[in-house]
Amino acid sequence: MTVLARLLTAAVITMLAASPVHAQDAPAVDDDAIAVDREKGLPEWDKIVAVLSHPRCANCHVEDAYPRWSGAHYGTTRIHAFNISRGEDGSGFGNAALRCTSCHFSSNSSKLHGPPGAPLWHLAPAEMAWWQKSSAEICAQIKDPERNGGRTLDEVATHVRDDPLVGWGWVPGPGREPAPGSADETFRAIERWAAAGAPCPAD
Ligand code: HEC
Ligand code: HEC
């Protein structure tokens with residue numbers, strides 16, 4: 001071990017040791033916290049996760065480098081054809097030689113199995129993964145500012161209402177089944193879920 005590595009290790013151990021003490025010092029009840037009402041909140045969460053885990057959303061929200069082709073329109077579930085990936089720069093826009101926007105324009109192809117389109121089509125960051133994640137896992141992710149782009153739940157809700165890539169999920173082009181409900185209904189479900197303390201399912 002180098003001196004630097006040893007110092008870093010010591011610092012981490014100190015931090016780890018310090019945190020439980022910190023937690024005990026914190027007040028037991030946070031006056032600003034919203035009381036969690038699971039009975040009200042969980043039915044709202046069920047509506048939200050039905051959207052987030054739908055193929056129109058999850059096909060772009062993957063942990064690895066490969067968008068998916070899944071849902072009734074695609075027949076079988078598979079990795080996106082044409083050997084495309086997140087991109088060597090990690091941007092989600094694909095490799096320099098073959099950007100997503102070479103095929104995905106700002107609106108849908110009118111042809112069945114033609115490329116769908118919305119402005120600045122690119123893959124969601126890996127930490128925002130919903131593909132094949134459980135309801136509880138998606139719930140934990142969406143509430144975590146470290147993994148949701150630093151958003152409050154209000155900001156998550158307005159992103160769903162206003163973002164063009166999200167909006168595409170309800171007008172996905174010929175033959176593709178849209179996400180359930182609408183962007184506005186999902187926005188309102190997120191607001192009601194947050195007002196009920198944003199409960200997550202147990203598993
Ligand atoms: C073409 C790819 C693509 C599709 C399709 C897509 N997203 Fe995203 N999504 C992204 C990208 C890229 C980001 C990161 C944007 C940012 O942080 O500013 C993102 C971020 C998000 C976020 C905020 C971060 C988070 O995880 O909390 C939400 C909420 C979201 N998307 C919802 C949806 C919903 C709902 C659908 C389907 C109706 C959808 N997205 C479909 C690419 C996509
Ligand atoms: C060579 C052209 C091409 C490139 C480059 C390309 N795509 Fe696609 N993509 C397509 C076509 C065509 C389809 C639709 C296939 C179909 O409907 O059977 C598609 C479909 C998709 C879907 C499925 C949408 C859904 O839910 O129905 C996603 C997600 C997607 N592409 C993401 C990306 C991302 C992200 C990139 C860049 C990293 C990218 N694509 C690059 C041609 C391309």
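For the structure, check the block above.
Residues numbered from 1 in each chain as written. Chains lettered and ligands numbered in written order. Predicted model: local features only at pLDDT ≥ 70, side-chain atom pairs only at ≥ 80, totals over all residues.

Chemist: When you look at the overall build of the protein in this model, what are you seeing that I'm missing?
Modeler: Within the protein, the secondary structure is distributed over seven helices and four strands. Element order for the protein, N to C, with α for helix and β for strand: α-α-α-β-β-β-β-α-α-α-α. The 203 residues of the protein split such that 23% are buried. Contacts in the protein between residues at least 24 apart in sequence constitute 60% of all its contacts with a sequence separation of at least 6. (Helix = DSSP H or I, 4+ residues; strand = E, 2+ residues; numbered from the N terminus. Buried ≥ 20, exposed ≤ 12 C-beta atoms within 10 Å, placed from the backbone. Contact = placed C-beta atoms within 7 Å.)

Chemist: Please explain the site of ligand 1 as it appears in this structure.
Modeler: Residues in close proximity to ligand 1 total 23 residues, the closest being Cys57, Cys60, Asn148, Gly149 and Gly169. Here the residues of the shell around ligand 1 sort into 15 nonpolar, seven polar and one charged. (Near = placed C-beta within 6 Å. Nonpolar A, V, L, I, M, F, W, Y, C, P; charged D, E, K, R; others polar.)

Chemist: How should I be thinking about the site of ligand 2 in this particular structure?
Modeler: Not every one of the 24 residues close to ligand 2 is listed here, only the nearest: Asn59, Pro67, Gly94, Cys100 and Cys103. Looking at side-chain class alone, the shell around ligand 2 contains 14 nonpolar, eight polar and two charged residues.

Chemist: What is the right way to read the packing of helix 2 (residues 38-52) against helix 7 (residues 183-195) from this model?
Modeler: What describes two packed helices is the angle between their axes and the distance between those same axes. Interaxial distance between helix 2 and helix 7 falls to 9 Å at its minimum, and their mutual angle equals 145°. Helix-helix and strand crossings are classified by hand; for helix 2 and helix 7 the assignment is left-handed. On helix 7, the residues that touch Gly41, Glu44, Trp45, Lys47, Ile48 and Val51 of helix 2 are Thr186, Ala189, Ile190, Arg192 and Trp193. Considering only residue class, the contact of helix 2 with helix 7 consists of six nonpolar, two polar and three charged. (Axes fitted to C-alpha atoms, helices over the stretch in contact; angles between N-to-C directions. Left-handed = near helix turned anticlockwise from the far one by under 90°.)

Chemist: Explain unusual backbone geometry to me, please; I cannot follow it from the model alone.
Modeler: It is generally the case that most residues other than glycine have a negative phi and that most peptide bonds are trans. The backbone phi angle of Phe82 is positive, close to 75°, even though this residue is not glycine. Structurally, the position occupied by Phe82 is in the loop between strand 2 (78-79) and strand 3 (94-95). Phi at Asn83 is positive, roughly 55°, even though this residue is not glycine. With respect to the helices and strands, Asn83 occurs in the loop between strand 2 and strand 3. What makes Asn83 exposed here is the crowd of 9 C-beta atoms within 10 Å.

Chemist: What should I look at first to understand helix 7 in this one?
Modeler: Residues lying three or four places apart along an α-helix face the same way, a consequence of the helix completing one turn every 3.6 residues. Helix length check: helix 7 (13 residues) gives 18 Å between terminal C-alpha atoms against 18 Å at 1.5 Å per residue, within 8%. The set of residues buried in helix 7 consists of Thr186, Ala189, Ile190 and Trp193. Buried residues in helix 7, looked at end-on, bunch into an arc of 100°, giving them a common side. Packing partners of the buried residues in helix 7 comprise helix 2 and helix 5 (153-162). Just downstream of helix 7 lies Gly197, where phi reads positive at about 90°. (Expected span 1.5 Å × (residues − 1). Arc of directions from axis to C-beta.)

Chemist: In this structure, what is going on with helix 2? I would like to understand it.
Modeler: With 15 residues, helix 2 should cover 21 Å at 1.5 Å per step; its first-to-last C-alpha distance of 20 Å lies within 8% of that length. Turning to helix 2, its buried residues are Gly41, Glu44, Trp45, Ile48, Val49, Val51 and Leu52. Along helix 2, the residues classed as buried sweep out an arc of 140° about the axis, all on the same side. Those residues of helix 2 that are buried are in contact with helix 3 (55-58), helix 4 (135-143) and helix 7.

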